[in-house]
Amino acid sequence: MSAPAARPGSAPAPASAASSGRGDGPWPHVLLAWPTVALTVLFLVPLGIIAALGFFRRIQAGFFEVAFVTDNYARALDAFHLERLTVSVVLALAATLVTLLLAVPFTFLLTRRPRARQVPYLVLVLASLSLSEVIVAFAWSLLLSRTSGVSNLLVAIGVMDAPASWSPGLPAVLLAYVFIALPLAVLSLYPTFSRLDQELPEAAGTMGATPLAGFVTVVLPLVRRAVAATGALVFIFVLGAYVIPQTLGRPAQWTMPVQITDQAIMKNHLPLAASLAIVLLVVSSLIAVAIVALGTGRWPRLALPRRAR
Amino acid sequence: MSRWLRRAMFALVVAYLLAPLVVVAGVSLNPRQVLFFPPEGFSLRWYGTAFSDPGWYRPAINSLLVATFAALIAVSIALPLSYVMWRYRVGYAKAVMAMGLAPFALPPVITALGALALWIVLQSYGQPHTVVLSHGAFLTTLPLATLTVGLQNLNPQLVEAARTMGATGGTVFRTIVFPYVRPYLLAGFVFAFVLSLNEYIIAYMTVGFTFETLPVKIFASLRYGYSPVMAAISVLFFAVAVALFALVGRVGDLPRLLGADERA
Amino acid sequence: MSADRPDLVIQGLGKRFGATVALDGVDLRLPGGSLVCFVGPSGCGKTTLLRVIAGLETPTTGHLLLGDRDLTRVPVHRRDVGMVFQSYALFPHLTVAENVAYGLRIRGVKRRERLARAQELLELVQLPDVADKRIAELSGGMRQRVAMARALALDPALFLLDEPLSALDAKLREGMQVELRRLQRRVGITTIIVTHDQEEAMAMADLVVVMGDNRVQQVGPPLEIYRRPVNRFVANFVGRNNFLPARVVASDAVEVAGVRATVARDLPVPPVGSDVTVAARPEMLRLRAQAPAGPALRGTVSMVRDLGRAVETRVRVHEQELVVSGRGGFAEGDEVWVELPDAGLVALAA
């Protein structure tokens, strides 16, 4: 076929367009000035403030005063908040699992379609992703309500005797969580899946694998990194949602974001909100890392003996 | 067999994503102030209300303003950053890049609380520019992602070719790189714009009711009295998002913009 | 176009990427106005050498002179080279004419003027009607020509082509070889073509530079490279060859499997008594049914392939299989004599 890359095969090819760094002058630094300042002030500094705020003392007259107290963390880690934290994590994990079970096969099948056919689905996914959490909560509250929900439909076709309300409640929260997470998961999986060599599952097919077996033995091992990363992304995204548990959940489903917002806005207790946020941040990061490790750590070892052959 | 599997899968996902909207659209057509589905009749009066009641159209204008400027800020951060990452090797660029991508690795409520704390410390809590800047930084991730994909797809030989014909740094950017990444830039702008338009928690924590955006207004109505106007507004929002993304799909190659390989 | 083009002189040129050596002390003099091919297997450093000449890579050591002008530190955009890239690197957002006129635009030539010049160049490469088309609308062969027109637009001192024909199918490639050669003759520009295809190099070049192992192995006109390879690498890479172990028995003769044969005269021969490898081209060997008068090796035909313009016969001689190209006339299993050429063998250090 065509010539192998004429670049020295053994020598590392010069990286994409990156210049060697010599003689670049001040340009890269001038260009980076605004992004650096903007992101530092608007992203890094706020995180630092939250970290500090957790140790400050709340004052009745204003917001807070500078101090070093541990009461906020003591409260953030009391039995009530730990229960809220557990509920938040369990709900988010459940939503993540359901989302991946839908998103992985859907994205795989979508990327096997011709490009032009994918576009309407992509537009739908993008539009759903951008739909405000507020609108999502409103829509699901309608969909699951007695007056306008699916239960009316089920009554009409004779499955149910009388319309019922399923919102607020656990199913409503989970359905809405998966609804906001699904588009994010599809878009996060999309690049890896669409770059997957079409011929690989076909090759598995010629060797007798059913489509499902080919998917499990060939496709999944190749995309497990992307799936794990998507799982982590979705988990964090859902864990940080405020409107859905607040609107579609009963108090039993009120998660950490509900508590944080409640303390920050309603109760005006910023130091407690900050310490709750830090606890949530630490726990969510640890679990996200665990999800990625779980997804990528096991399988490569199983594959080792084959490589040694 | 796998064809049926595919159809069932597609139908399930499409139904799931569309069902709430179908109900909302139905509810928005009720002639009376009730939230019935199927609707009791057919009326577009709530769409009229959305455009004539200042309680609804003012937040809409606020949201459009915030989204426009926030998306501009997001793009203004993402373009130089992604270009430097692609073109030069600068040590700290990676750290800046990490900050640009990090917002999506944080629970959104924490980003919002950070914004609240920042603007309280800077004593500008509640002013319109706070939500613009915080949205801009938060949504930088989106144009950053599309531009990075775009620059990765750009054949480095195009740049080398321009250089052999006498073009230097700035000229290469103006004549080759920028025209090439323009669709990715547009896509990134649209993503940031639409997400800002819909964003609730940061807007709530930075400006709240002093500069009410539409999601904040809808949320307030959600708690203090439902109205079919909310449904009408939701339908309009979805329509705007579909229209903008369809436009992006028209102008550029949507699969490629979202990170599929460059091939026919 | 000036008739007297300066020579390109390369002195002690070396290039490292980190710890790996990509070019190891290259010395070359390429006559002005000639068409030179750099040929070698992939990874041999030929593209790196071309990129150093273009100014796209900075050499670690050595110098690059065009006439009396030192190019070593001249940045690419002031080096006055025209380059055709392996991917052609045509700008997808510009029309064909705008692509060709790009360099003129950078130099501030007015739009009308530069588009007129682009049209001239497109006519030169026999594409008079595509000026306003988009790159995506062109076939591979057309893109190839547009890339050449673009590279020539600034009337550069050097015309550099990196694997220009590798993306074309075999038939088109042969046509383009002829056309490229004609174009170069007409314009008279010093041209360097990088290719991994030795036949392509032989078919086009005034001067062939065979590269291997990040070094120049041999420089010379195509026929000389073919007839008089200086080492086993060149003998093996350029064309096909049979290699036989031998021993030097005189200043012009070797002994192969107990048979004495003369070697090519105008080549240095290792000292008498040393072990060597002799190379013999398949078309220099002849098959005989009976023992001929000259030196010959006895063997058995192991395979016959009729390739149309010649028959390739493989003969098992002792432990080795020799490839003979000729008229054929033998069948598998026949006992034959393989006649060695008179003064045609090349003795190479073993």
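Conventions we followed
- Residues numbered from 1 in each chain as written.
- Chains lettered and ligands numbered in written order.
- Predicted model: local features only at pLDDT ≥ 70, side-chain atom pairs only at ≥ 80, totals over all residues.
- Heavy atoms only, no water.
- Helix = DSSP H or I, 4+ residues; strand = E, 2+ residues; numbered from the N terminus.
- Buried < 20%, exposed > 50% of the residue type's maximum accessible area, 1.4 Å probe, protein only.
- Contact = heavy atoms within 4.5 Å.
- Areas by Shrake-Rupley, 256 points an atom, 1.4 Å probe, with all protein chains shown as cover.
- Lys, Arg positive; Asp, Glu negative; His and termini not counted.
- Charge placed at Lys NZ, Arg CZ, Asp CG, Glu CD.
- Pairing = 2+ DSSP bridges.
- Axes fitted to C-alpha atoms, helices over the stretch in contact; angles between N-to-C directions.
- 1 Å grid on protein atoms, 1.4 Å probe; cavity = no way out; pocket = protein on both sides within 12 Å on 5 of 7 lines; lining within 4 Å.
- Points joined across faces, edges and corners; volume = space filled by probe spheres on them.
- Nonpolar A, V, L, I, M, F, W, Y, C, P; charged D, E, K, R; others polar.
- Expected span 1.5 Å × (residues − 1).
- Buried area = accessible area lost by both parts, 1.4 Å probe.
- Salt bridge = Lys/Arg side-chain N within 4 Å of Asp/Glu carboxyl O.
- Polar contact = N/O pair within 3.5 Å; in protein donor to acceptor, adjacent residues only side chain to side chain.
- Phe/Tyr/Trp six-rings, centres within 6.5 Å; stacked < 30°, edge-to-face > 60°.
- Lys NZ or Arg CZ within 6 Å of the ring centre and 35° of its normal.

Before going further, it helps to spend a moment on the overall build of chain A. For chain A, the count of helices and strands is 13 helices and two strands. Residues classed as buried in chain A amount to 49% of the 309 residues present. A separation of at least 24 residues holds for 70% of the contacts in chain A among residues at least 6 apart in sequence. Summed over its atoms, the accessible surface of chain A is roughly 14100 Å², and 68% of this surface lies on carbon and sulfur atoms.

Let us look at the overall build of chain B. Within chain B, the regular secondary structure consists of 13 helices and zero strands. When the backbone C-alpha atoms are referred to their principal axes, chain B occupies close to 70 × 60 × 30 Å. Looking at the 264 residues of chain B, the share that counts as buried comes to 63%. Within chain B, contacts between residues separated by at least 24 positions form 71% of all contacts whose residues are at least 6 apart in sequence. Just so you have it, chain B exposes about 9900 Å², and 67% of that area is on carbon and sulfur atoms. The averaged location of the 8 negative side-chain charges in chain B is 4 Å from the averaged location of its 17 positive side-chain charges.

To continue, consider the sheet that holds strand 15 (residues 286–288) of chain C. Residue and element names in this part refer to chain C. On the basis of which strands lie adjacent, the open sheet formed by five strands has the order 15-19-16-17-18 and antiparallel pairing. Bordering the open sheet on either side are strand 15 and strand 18 (320–326), each of which pairs with just one other strand. Strand-to-strand twist of the sheet, defined as the mean angle between neighbouring strand axes without regard to direction, takes the value 45°. Where strand 17 (residues 311–317) lies against strand 18, seven bridges are found, and the strand directions are antiparallel. Residue pairing for strand 18: Arg314 is matched across the bridge by Val323.

On to the environment of Phe69 of chain B, then. Residues and elements named next belong to chain B. Relative to the assigned elements, Phe69 resides in helix 3 (residues 54–87). Assessed through its relative accessible area of 45%, Phe69 is described here as partly exposed. Residues Phe69 and Ser82, 13 residues apart in the sequence, show an inter-C-alpha distance of 20 Å.

Taken as a whole, the second largest pocket spans an internal volume of roughly 970 Å³. Together, 33 residues line the second largest pocket, and Leu187, Ser188 and Leu233 of chain A together with Thr141 and Ala145 of chain B are the ones closest to its centre. When contributions to the lining of the second largest pocket are tallied by element, the ones reaching two or more residues are helix 4 (115–130), helix 7 (170–195) and helix 9 (211–239) of chain A together with helix 4 (93–101), helix 7 (141–153) and helix 9 (169–198) of chain B. Residues of the lining of the second largest pocket, tallied by class, amount to 23 nonpolar, nine polar and one charged.

Residues and elements named next belong to chain B. With 14 residues, helix 5 (residues 108–121) ought to run about 20 Å at 1.5 Å a step, and its terminal C-alpha atoms sit 20 Å apart, in line with that. Burial analysis of helix 5 places 13 of its 14 residues in the buried class, the great majority of the element. Immediately downstream of helix 5, the backbone of Gln123 shows phi near 55°, a positive value.

With that settled, the discussion passes to the interface of chain C and chain B. Facing the 21 residues of chain C at the interface are 17 residues of chain B. When the two sides are added together, the surface that chain C and chain B hide from each other amounts to roughly 1800 Å², 65% of it contributed by carbon and sulfur. Summed over the shared surface of chain C and chain B, the result is one salt bridge. For Glu160 of chain B, the salt bridge is made with Arg51 of chain C, and the minimal N-O distance between the two is 2.4 Å. At the surface where chain C touches chain B, the tally comes to six residue pairs in polar contact (both at pLDDT 80 or more).

Our next topic: the pairing of strand 3 (residues 35–39) of chain C. Residues and elements named next belong to chain C. Across the five residues that make up strand 3, a large majority, five, are buried. Because side chains alternate across strand 3, one face comprises the buried residues Leu35, Cys37 and Val39, and the other comprises Val36 and Phe38, equally buried. As paired strands, strand 3 and strand 8 (residues 190–195) are joined by five bridges and run parallel to one another. Pairing of Val39 across the sheet is with Thr195, part of strand 8. Of the strand pairs in this sheet, strand 3 and strand 9 (residues 207–212) are connected by four bridges, and their pairing is parallel. What sits directly across from Val39, in strand 9, is Val210.

Looking now at the packing of aromatic side chains. Tallied over the full model, the rule gives 24 aromatic pairs over all chains. The interplanar angle of 65° and the centroid separation of 5.7 Å between the aromatic rings of Trp140 of chain A and Tyr16 of chain B together place this pair among those described as edge-to-face. Note that Trp140 of chain A is positioned in helix 5 (residues 133–143) and Tyr16 of chain B in helix 1 (residues 2–27), a pairing that runs across two chains. The class of Tyr16 of chain B is buried, set by a relative accessible area of 14%. Taken together, the aromatic side chains of Tyr242 of chain A together with Tyr200, Tyr204, Phe209 and Phe219 of chain B make up a single cluster linked through ring pairs. Over the face of the ring belonging to Phe243 of chain C we find Arg232 of chain C, whose NZ or CZ atom lies 4.3 Å from the ring centre.

What follows covers the side chain of His269 of chain A. All names here are of chain A. Positionally, His269 belongs in the loop between helix 11 (256–266) and helix 12 (270–297). Its relative accessible area of 9% is what places His269 among the buried residues. Excluding anything up to four places from it in sequence, His269 contacts Arg58, Asn72, Arg75 and Gln263.

This part covers helix 6 (residues 170–187) of chain C. Each turn of an α-helix holds 3.6 residues, which means side chains three or four residues apart point in the same direction. All names here are of chain C. Spanning 18 residues, helix 6 covers 26 Å between terminal C-alpha atoms, matching the ideal 26 Å at 1.5 Å per step. Of the residues making up helix 6, those classed as buried are Met176, Gln177, Glu179, Leu180, Arg181, Leu183, Gln184 and Val187. Where the residues of helix 6 are buried, they touch strand 3, helix 4 (111–124), helix 5 (140–152), strand 7 (158–162), strand 8 and helix 7 (198–204). Phi turns positive one or two residues past the end of helix 6, at Gly188, with a value near 75°.

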